[in-house]
Amino acid sequence: AQSVAQPEDQVNVAEGNPLTVKCTYSVSGNPYLFWYVQYPNRGLQFLLKYITGDNLVKGSYGFEAEFNKSQTSFHLKKPSALVSDSALYFCAVRETGFQKLVFGTGTRLLVSP
Amino acid sequence: DGGITQSPKYLFRKEGQNVTLSCEQNLNHDAMYWYRQDPGQGLRLIYYSQIVNDFQKGDIAEGYSVSREKKESFPLTVTSAQKNPTAFYLCASGAGTMNTEAFFGQGTRLTVV
């Protein structure tokens, strides 16, 4: 069965610095990978996805993610963090042939002024 | 205004009562999902449906029931058999293909009083 791990409960970064939120996955077949963001008491908003092709995926609000098949990782990155990026971030995976979308436990990003 | 609508936003239930959470979408999506969110546990899949009149159990289906009589609607009933129902419930929908993202509603916070 597919699974996702987000090893950090919280990531702290200063505004203007680059940020990375880590995600590793486990699937038997080819993965479809997604990143979402959640603000307090709200639903999840889609940021970006990896389906196939270029390993560097660009998404909304200046975020990007790098797919690494050998390390089974899909880390979320942003070159310059904003205070408004502070939120809860979820990585998710869907495995070829399965409709289930499985989420990680989430990483809280805190960007300080 | 297209999207997914969950209602109510807040719901209080007495122990022993069944309650139904509403989820409606006007995105013409085939697939719909229900997730439960608890602090530190991420999103866990309760039920999902890929087509009208069909649905499958997710990872934590015990104590919950669903129906999918219309494409637009996927209500979730939290029964008295669910021992710990207090949580944030999220409904999502998607096109039903492997490479498409899910879109989320704003959630319903259920509290047992």
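See the structure shown above.
Values in this document were obtained by computation on a predicted structure and should not be read as measured data.

S.K.: So, empty space enclosed by the protein: which residues are in play, and what are the values?
M.R.: Applying the stated criterion across every chain, the model contains one cavity of 30 Å³ or more. What the largest cavity holds in volume is close to 40 Å³. Forming the boundary of the largest cavity are Asn41 of chain A together with Lys9, Tyr10, Phe88, Gln106, Gly107 and Arg109 of chain B. Partitioning the lining of the largest cavity into residue classes produces two nonpolar, three polar and two charged.

S.K.: Could you give an account of the interface of chain A and chain B, naming the residues involved and the relevant values?
M.R.: Of the residues lining the interface, 24 residues belong to chain A; the matching set on chain B comes to 24 residues. Summed over both sides, the interface between chain A and chain B buries roughly 2,100 Å², with carbon and sulfur atoms accounting for 53% of that surface. When the buried surface of chain A facing chain B is broken down by residue, Asn41, Gln99 and Lys100 of chain A rank first, second and third, together holding 31% of it. On the surface where chain A and chain B come into contact, there are two salt bridges. In this structure, Glu101 of chain B and Lys49 of chain A form a salt bridge, with 2.8 Å as the shortest nitrogen-oxygen distance. Between chain A and chain B we count 11 residue pairs in polar contact (both at pLDDT 80 or more) in total. For the side of chain A that touches chain B, the secondary-structure elements that each account for two or more residues are strand S5 (31-38), strand S6 (44-50) and strand S10 (87-95) of chain A. Of the residues belonging to the side of chain A that touches chain B, the class tally is 11 nonpolar, eight polar and five charged.

The rules behind each value
Along each chain, numbering runs from 1 in the same order as the chain's sequence is written. Chain letters and ligand numbers both follow the written order, the letters beginning at A and the numbers at 1. The predicted nature of this model means local features are confined to residues of pLDDT at least 70 and side-chain atom pairs, given and counted, to a pLDDT of 80 or more, with totals for whole chains, interfaces and linings taken over all residues. Remark: hydrogens and water are excluded; side-chain values derive from all non-hydrogen atoms of the structure. Throughout, the protein atoms alone are placed on a 1 Å grid, and a set of points is a cavity if a 1.4 Å probe fits but cannot get out or a pocket if it is open with protein on both sides within 12 Å along at least five of seven lines; lining residues have an atom within 4 Å of a point. Grid points are joined across faces, edges and corners, and a volume is the space filled by probe spheres set on the points. In the scheme used here, Gly and all other residues not listed as nonpolar or charged are polar, with Ala, Val, Leu, Ile, Met, Phe, Trp, Tyr, Cys and Pro taken as nonpolar and Asp, Glu, Lys and Arg as charged. Two residues form a contact once any of their heavy atoms are found within 4.5 Å. Defined here as a combined quantity, buried area equals the accessible surface (1.4 Å probe) lost by two parts on assembly, summed across both. Salt bridge, as applied in this entry: a Lys or Arg side-chain nitrogen positioned within 4 Å of an Asp or Glu carboxyl oxygen. The term polar contact refers here to a pair of N or O atoms within 3.5 Å; inside protein, the definition further demands a hydrogen-donor-capable atom paired with an acceptor-capable atom, and it admits residues adjacent in sequence only when both atoms are side-chain atoms. Strands here mean DSSP runs of E at least two residues long; helices mean DSSP runs of H or I at least four residues long; both are numbered from the N terminus.

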